[in-house]
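Descriptive analysis of the structure
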Amino acid sequence: MTMDRILFGTAGVPNATEKKNSPVDGVKKIHELELDCMQLEFAHGVRMKEEVSSNLRRVSYELGVPLTSHGPYYINLNAREQDKIDSSVERIIQTAKISDLCGAESMTFHAAFYMKDSPFDVFDLVEKSMSVIEERLSRLDIEIELRPELTGKTSQFGSLEELISLTKKVNSCNPCMDFSHLYARTGKYNTYEEFCEVLDTLSSELGRKALDNMHIHISGVSSNSKGDLKHLNLSDSSFNWKDLIRSLKKYDCKGYIISNSPNLEEDAKMLKDFYMSL
């Protein structure tokens, strides 16, 4: 879908939803809260009945609440055993299939761990798997943006540079920009100037389309020298979300911002209200 601004939503069903395990009720709650979108969380596996996905697609369409998705946590395209790599590929394909049935257009996941290997070798392996996944999804006639996430730990594949390189090499790939993870991973990128620098890099490396179609995660974050430890509410964190929103507005970015804070919809609402006030 084409968007004329950034849309704001939650990672999973909003906390205030009565039926916590009902994504359909989650979409209705998003609409009621005057938020814009919702991310389906398949973090612990892809389990959704077909009738749920078709119902979800209908409700999401009727209420004008587009969906994104997040794949299972236990994906590692650099696993030691080939069968674990194969099952990671399968998990990504399963997530893409169900996301497509639900009408989601963009799907994110953590691609790999370095496992003490050279980042260059890991990049090659991830690229190889992503090309296989792209080809298989194309045979299934599934069109969904595959968005490896910018990860928060230095032990994980998914630096800004890696995601940009991967996007250049695999057609259906785009970065999922988790700015809180970028801050936790590097200890920098937490000022207005630095956020603008990141947006300039995306635009110059990947073209204006990278800013017109973004999938962004934001939350508060606590970190140490190895990267992120846990998500916090924005008000409990030193993450400079206001300047991030200012920079996204200045560059006229479009796409999805997903709140990953524990208080989900409260931070999503705070982000949206601030954005709309600029």
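Calculation notes
- Residues numbered from 1 in each chain as written.
- Predicted model: local features only at pLDDT ≥ 70, side-chain atom pairs only at ≥ 80, totals over all residues.
- Heavy atoms only, no water.
- Core = buried A, V, L, I, M, F, W, Y, C linked by side-chain atoms within 4.5 Å.
- Buried < 20%, exposed > 50% of the residue type's maximum accessible area, 1.4 Å probe, protein only.
- Contact = heavy atoms within 4.5 Å.
- Phe/Tyr/Trp six-rings, centres within 6.5 Å; stacked < 30°, edge-to-face > 60°.
- Helix = DSSP H or I, 4+ residues; strand = E, 2+ residues; numbered from the N terminus.
- Lys NZ or Arg CZ within 6 Å of the ring centre and 35° of its normal.
- Salt bridge = Lys/Arg side-chain N within 4 Å of Asp/Glu carboxyl O.
- Pairing = 2+ DSSP bridges.
- Axes fitted to C-alpha atoms, helices over the stretch in contact; angles between N-to-C directions.
- Expected span 1.5 Å × (residues − 1).
- Parallel < 35°, antiparallel > 145°, perpendicular 65-115°, else oblique.
- Left-handed = near helix turned anticlockwise from the far one by under 90°.
- Nonpolar A, V, L, I, M, F, W, Y, C, P; charged D, E, K, R; others polar.

**Some words on the nonpolar core**
Counting 77 residues, the largest nonpolar core has Met130, Leu146, Phe157, Phe179, Leu202, Ile245 and Leu248 as the members making the most contacts within it. Setting aside its immediate chain neighbours within four residues, Phe179 contacts Phe195, Val198, Leu199, Ile216, His217, Phe239 and Leu244. By size, the runner-up hydrophobic cluster in this structure holds seven residues, among which are Ala11, Cys37, Ile258 and Leu264.

**Description of the packing of aromatic side chains**
Summed over all chains, the structure comprises six aromatic pairs. For the ring pair Phe8 and Tyr275, a centre distance of 5.2 Å and an interplane angle of 55° mean the geometry is tilted. With Phe8 in strand 1 (residues 6-11) and Tyr275 in helix 10 (residues 265-277), this residue pair connects regions lying 267 residues apart in the sequence. Given the relative accessible area of 4%, Tyr275 is considered buried. Here the aromatic rings of Tyr183 and Phe239 are separated by 6.0 Å at their centres, their planes lie at 40°, and the arrangement is tilted. Placement of the pair is Tyr183 in helix 6 (residues 179-186) and Phe239 in the loop between strand 9 (227-232) and helix 9 (241-250), with a sequence separation of 56 residues. The rings of Phe179, Tyr183, Phe195 and Phe239 are connected pair by pair, giving a single aromatic cluster. Looking at Lys249, its charged tip hangs above the ring of Tyr275, at a distance of 4.2 Å from the centre.

**Points about the pattern of salt bridges**
This model, assessed by the stated rule, comprises 15 salt bridges. Arg5 is paired through a salt bridge with Asp36; the nearest N and O atoms lie 3.0 Å apart. A residue pair is termed long-range when its members are at least 10 positions apart, and Arg5 in the segment before strand 1 and Asp36 in the loop between helix 1 (23-32) and strand 2 (37-41) qualify at 31 residues. Across the pair, Asp36 and Arg5 agree in class, each one buried.

**Description of the sheet that holds strand 3 (residues 67-70)**
With parallel pairing, eight strands are arranged side by side in an open sheet as 5-4-3-2-1-10-7-6. Sheet topology places strand 5 (145-148) and strand 6 (176-178) at the edges, where each strand pairs with a single neighbour. For this sheet, the mean angle separating the axes of adjacent strands, direction not counted, is 25°. By the bridge criterion, three bridges tie strand 3 to strand 4 (residues 106-109) in an arrangement that is parallel. Within strand 4, the position partnered with His70 by the bridge is Thr108.

**Quick look at helix 7 (residues 192-206)**
End to end, helix 7 covers 21 Å across 15 residues, agreeing with the expected 21 Å (1.5 Å per residue, within 8%). Those residues of helix 7 that fall on the buried side of the exposure criterion are Glu194, Phe195, Cys196, Val198, Leu199, Leu202 and Leu206. Those residues of helix 7 that are buried lie in contact with helix 5 (160-169), strand 6, helix 6, helix 8 (209-212), strand 7 (214-218) and helix 9. At the exit of helix 7 stands Gly207, carrying a positive phi of roughly 90°.

**What about the packing of helix 9 against helix 10?**
To describe two helices that pack against each other, one gives the angle between their axes and the distance between the axes. Viewed as axis vectors pointing N to C, helix 9 and helix 10 meet at an angle of 50°, and their least axial separation amounts to 10 Å. Classified by the angle their axes make, helix 9 and helix 10 are oblique. By crossing handedness, the relation of helix 9 to helix 10 is classed as right-handed. For the pair helix 9 and helix 10, contact is made by Trp241, Lys242, Ile245, Arg246 and Lys249 and by Met270, Leu271, Phe274 and Tyr275, respectively. Taken together, the residues of the contact of helix 9 with helix 10 break down into six nonpolar, no polar and three charged.

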